[in-house]
Amino acid sequence: MSKIFKKRIFDIFVLGVAAAAVLSSLSAACNFDGPGREESDPAELSSDSVSLSSEASVSDASEPLSSDPSESSSMSPEPPSESSEPVRQDGASSALVPASAAVGDDYFSDALFIGDSLTNGLYLYGDIRTAEYCYETSAATAGIFSVTSLDSMLRSKSYGKIYILLGINEVGGSLEQYLNNYRSLLRTVRAAQPDAVIYLQTLLPTNPSMTWSPSAFSVQNVTEKNRGLKRLAEEEGVYLLDLYSVYADEKGEMPAAYCRDGVHPYEAYYKNWCDYLRTHTV
């Protein structure tokens, strides 16, 4: 072979190899089905999937929040503004005692009132003289038996009615603990006095700015405890008396003219309490 012919054969071979390489590169560049696409599943991006997710979010957002803070231990209720309506409990509970014809004071002749400094005030300044009273100014739902003669009183005679008001000394504390302690107290009282009609009394409103601890005696804390008492009365099958509504103003507070320290009514206003008791019986 001549040298010229051999050179042409070599040039054709080189061009063929180069063309093959180019075609291989183009094929690899156009391959969209490789493993790198597995991370984007088309089903995850479908319009149906997005729609279902959106509907779930809207549904969750449209559910009303419970007005009972005890039902949601991770969320505290927003304190009411000064223009907010107070929490009125009339008609809100199957345990709530409605208004009735006034009774005479002989109705209370077999009654026992249990409580703290507020019950002490009822004893001193109220005009229900036929009942018995058991109180300690610092009493709370836990430990009341250790600071009063309640145990011996419950064992000494049978009562027809038992009225309980406790909580102002623990109003700034845990709602769950308050209700657990109250439940234990209720069951102890009922075991000792199975035939007695038991009345729970809601906390009276406070005037926070007049107290020694406005944050502890806030409207929010009082109404939170009273909502818990409503539920407790229903669960335990006892009656509920709404003393809160007797004294609360349009802000949910006890008017400054009614109380000396933001918690305890002036002497003359214990009559409001007594009149309410006479007109709310079962």
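What comes next is a walk through the structure. (Residues numbered from 1 in each chain as written. Predicted model: local features only at pLDDT ≥ 70, side-chain atom pairs only at ≥ 80, totals over all residues. Heavy atoms only, no water.)

**Observations regarding the overall build of the protein**
Move 1: Secondary structure summary: the protein contains nine helices and five strands in total.
Move 2: From first element to last, N terminus to C terminus, the protein shows the α and β order α-α-β-α-β-α-α-β-α-β-α-β-α-α.
Move 3: Within the protein, the proportion of its 282 residues that are buried is 40%.
Move 4: Nonlocal contacts in the protein, meaning residues at least 24 apart in sequence, comprise 73% of its contacts between residues at least 6 apart.
Move 5: Carbon together with sulfur atoms contributes 54% to the accessible area of the protein, which is approximately 15,600 Å² in total. (Helix = DSSP H or I, 4+ residues; strand = E, 2+ residues; numbered from the N terminus. Buried < 20%, exposed > 50% of the residue type's maximum accessible area, 1.4 Å probe, protein only. Contact = heavy atoms within 4.5 Å. Areas by Shrake-Rupley, 256 points an atom, 1.4 Å probe, with all protein chains shown as cover.)

**Thoughts on the pairing of strand 1 (residues 111-115)**
Move 1: Among the five residues in strand 1, five count as buried, and that is most of the element.
Move 2: Judged by which residues are buried, strand 1 turns out to be covered on both faces: A111, F113 and G115 on one side and L112 and I114 on the other are all buried.
Move 3: By the bridge criterion, five bridges tie strand 1 to strand 3 (residues 161-165) in an arrangement that is parallel. Within strand 3, the residue paired with L112 across the bridge is I162.
Move 4: When strand 1 meets strand 2 (residues 132-135), the two strands line up parallel, connected through four bridges. (Pairing = 2+ DSSP bridges.)

**Looking at the nonpolar core**
Move 1: By size, the foremost hydrophobic cluster in this structure holds 62 residues, and its most contacted members are I164 and L200.
Move 2: If you tally residues by element for this core, the top one is helix 6 (residues 175-192), at seven residues.
Move 3: Those residues in contact with I164 that lie beyond four places of it in its chain are I114, Y182, L185, L186, I198, Y199, L200 and Q201. (Core = buried A, V, L, I, M, F, W, Y, C linked by side-chain atoms within 4.5 Å.)

**A closer look at the sheet that holds strand 2**
Move 1: In spatial order, the strands read 2-1-3-4-5; together these five strands make up an open sheet with parallel pairing. Every other strand in the sheet has two partners, leaving strand 2 and strand 5 (239-241) as the edge strands with one partner each. Across this sheet, the average inter-strand angle for adjacent strands is 20°, counted without regard to direction.
Move 2: Packed onto the sheet, helix 3 (residues 117-125) meets strand 1, strand 2 and strand 3 and runs at close to 150° relative to strand 2.
Move 3: Most of the contacts of helix 7 (residues 219-236) go to strand 4 (residues 197-201), to which it runs at about 165°, and overall it touches strand 4 and strand 5. (Axes fitted to C-alpha atoms, helices over the stretch in contact; angles between N-to-C directions.)

**As for helix 7**
Move 1: Its 18 residues give helix 7 an end-to-end C-alpha distance of 26 Å, which sits within 8% of 26 Å, the value for a rise of 1.5 Å per residue.
Move 2: Positioned one or two residues after helix 7, G237 has a phi angle of 70°, which is positive. (Expected span 1.5 Å × (residues − 1).)

**Focus: the pattern of salt bridges**
Move 1: Counted under the stated rule, the structure contains 15 salt bridges.
Move 2: Close ionic contact of D127 with R278 constitutes a salt bridge, the shortest N to O distance being 2.9 Å. With D127 in the loop between helix 3 and strand 2 and R278 in helix 9 (residues 270-278), this pair connects stretches of sequence that are 151 residues apart.
Move 3: We note a salt bridge from E224 to K225, for which the minimum N-O separation is 3.7 Å.
Move 4: A network of salt bridges, in which partner residues are shared, links R183, R187, R190, R231, E235 and E236. (Salt bridge = Lys/Arg side-chain N within 4 Å of Asp/Glu carboxyl O.)

**What about helix 6?**
Move 1: Between the first and last C-alpha of helix 6 there are 26 Å, a value that for 18 residues agrees with the 26 Å anticipated at 1.5 Å per step.
Move 2: By the burial criterion, the buried members of helix 6 are L175, Y178, L179, N181, Y182, R183, L185, L186 and V189.
Move 3: Looking at the buried side of helix 6, the elements it contacts are helix 4 (144-147), helix 5 (150-156), strand 3, strand 4 and helix 7.

**Overview of the environment of Y199**
Move 1: You can see Y199 is positioned in strand 4.
Move 2: In this structure the C-alpha to C-alpha distance between Y199 and L240, which are 41 residues apart in sequence, comes to 5.6 Å.
Move 3: Contacts of Y199, omitting those with residues within four sequence positions, involve V97, Y107, K161, I162, Y163, I164, Y239, L241, H280, T281 and V282.

These results come straight from atomic positions and should not be treated as a statement about function.
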